[in-house]
Amino acid sequence: MQNIFALIFASASLASATTLEVLRVFQPLSLHGTDVVNNFKGEAVQAHIFARPMVLSGAMPENLVLAVATPHRIPTTFNYDVDECNLLTLFQVELSGIMGKSGELEVGFDLAKMQVPQGVELPIRTVLKLSIQALKKTLEDYHHPENEPLKVKIAIKGTTKKNRSLRDLNGRFVVTE
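Cut-offs used in this document
- Residues numbered from 1 in each chain as written.
- Predicted model: local features only at pLDDT ≥ 70, side-chain atom pairs only at ≥ 80, totals over all residues.
- Heavy atoms only, no water.
- Salt bridge = Lys/Arg side-chain N within 4 Å of Asp/Glu carboxyl O.
- Buried < 20%, exposed > 50% of the residue type's maximum accessible area, 1.4 Å probe, protein only.
- Helix = DSSP H or I, 4+ residues; strand = E, 2+ residues; numbered from the N terminus.
- Contact = heavy atoms within 4.5 Å.
- Core = buried A, V, L, I, M, F, W, Y, C linked by side-chain atoms within 4.5 Å.
- Patch = residues over 30% accessible without salt bridge, like charges linked within 9 Å, V, L, I, M, F, W, Y side chains within 5 Å.
- Areas by Shrake-Rupley, 256 points an atom, 1.4 Å probe, with all protein chains shown as cover.
- Pairing = 2+ DSSP bridges.
- Phe/Tyr/Trp six-rings, centres within 6.5 Å; stacked < 30°, edge-to-face > 60°.
- Lys NZ or Arg CZ within 6 Å of the ring centre and 35° of its normal.

Engineer: Even after reading the chapter, I still don't get the pattern of salt bridges, so can you show me in this structure?
Structural biologist: Once their charged atoms are close, side chains differing in charge can pair, the charge on each being opposite to the other. One pass over the structure, following the stated rule, counts six salt bridges. The closest approach of N and O atoms between R73 and D81, which form a salt bridge, is 2.4 Å. In this structure R73 comes out as partly exposed when scored by relative accessible area, which is 44%. Ionic pairing is found between E94 and K113, a salt bridge with its closest N-O pair at 3.1 Å. Of the two residues, E94 sits in strand 5 (residues 94-99) while K113 sits in the loop between strand 6 (105-110) and helix 4 (124-142), which places them 19 residues apart along the sequence. Through salt bridges that share partners, R73, D81 and D83 make up one connected network.

Here it is, written out as structure tokens:
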């Protein structure tokens, strides 16, 4: 009997308490391989912001930020088979999120490894604008009205002399509902 309690206690100590949550995450997706063109802020683009359910755990909203950049493969059909659709993944833009000491969520879009993929005819500026909008929608969907407003700071990092003008996309917004 004592061995049974010891075994139960040992297995319970190995189990970690993790809260899993199903959340809606918005991602900037390329529609390459389709004839669909969407209007994004007055520009006709072959891309769109779509939501997908994801199971997340850990630090929130930091892990929610990271989820916006996770790979996404749209299920194939008999005439559509594209390996990757998330524009952040396709352009190799790294996304990071950390809560600053002031309580502001600091989100970085790192362009240090950025490469323009073949078959995607979008400027990086449009990709970043779509990505920032996807991030806003994700955080707004997650935020509960009874919580304090969430202050978010956007920083474009890893720019070069050629693309440093993208830093004008740096900014702030507040999620209230």
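We are not done yet, so read on.
Engineer: Just to check I follow, could you spell out the environment of Q46 for this structure?
Structural biologist: Tracing the backbone through its elements, the reader meets Q46 in the loop between strand 3 (43-45) and strand 4 (47-56). Given a relative accessible area of 31%, Q46 falls into the partly exposed group. Along the chain, Q46 and V120 lie 74 residues apart, while their C-alpha atoms are 8.4 Å from each other. When neighbours within four sequence positions are excluded, Q46 is seen to be in contact with S30, L31, H32, G33, T34, D35, V36 and L122.

Engineer: Mind showing me how you'd approach the nonpolar core here?
Structural biologist: In globular proteins that are soluble, nonpolar side chains generally tend to be buried together. Counting 42 residues, the largest nonpolar core has L87, V107, F109, L128, L139, V152 and I154 as the members making the most contacts within it. Going through the elements one at a time, strand 1 (21-30), strand 4, helix 2 (62-68), helix 3 (87-90), strand 6, helix 4, strand 7 (150-157) and strand 8 (171-175) are the ones with two or more residues in this core. No other element matches the eight residues that helix 4 contributes to this core. Among residues more than four places away in sequence, those in contact with I154 are V107, F109, I132, L135, L169, N170, G171 and F173.

Engineer: What exactly am I supposed to notice about a nonpolar patch on the surface here?
Structural biologist: A grouping of L20, V22 and V55 is seen on the molecular surface, where their side chains present a nonpolar patch of about 320 Å² in accessible area. With respect to the helices and strands, V55 occurs in strand 4. The class of V55 is exposed, set by a relative accessible area of 54%.

Engineer: What am I meant to see in the pairing of strand 1 here?
Structural biologist: As a general feature of sheets, a regular strand has side chains that alternate between the two faces. Burial runs high along strand 1: seven of the 10 residues are buried. By the bridge criterion, 10 bridges tie strand 1 to strand 4 in an arrangement that is antiparallel. Counterpart to E21 in the pairing with strand 4 is L56.

Engineer: I'm lost on the packing of aromatic side chains in this one. Help?
Structural biologist: Each aromatic ring pair is characterised by the separation of its centres together with the angle its planes make. Going through the model one piece at a time under the given rule, you end up with zero aromatic pairs. One residue, K136, lies across the ring of F173, its end atom 5.1 Å from the ring centre.

Engineer: Explain the side chain of T126 to me, please; I cannot follow it from the model alone.
Structural biologist: In this structure, T126 sits in helix 4. Those residues in contact with T126, other than ones at most four positions away along the chain, are E43 and V45.

Engineer: Teacher, can you tell me more about the environment of L88 here?
Structural biologist: As for its placement among the helices and strands, L88 is situated in helix 3. Sequence separation of L88 and H144 is 56 residues, and the distance between their C-alpha atoms is 27 Å. Ignoring any residue separated from it by four or fewer positions in sequence, one finds L88 in contact with P28, V68, A69, V93, L95, F109 and S131.

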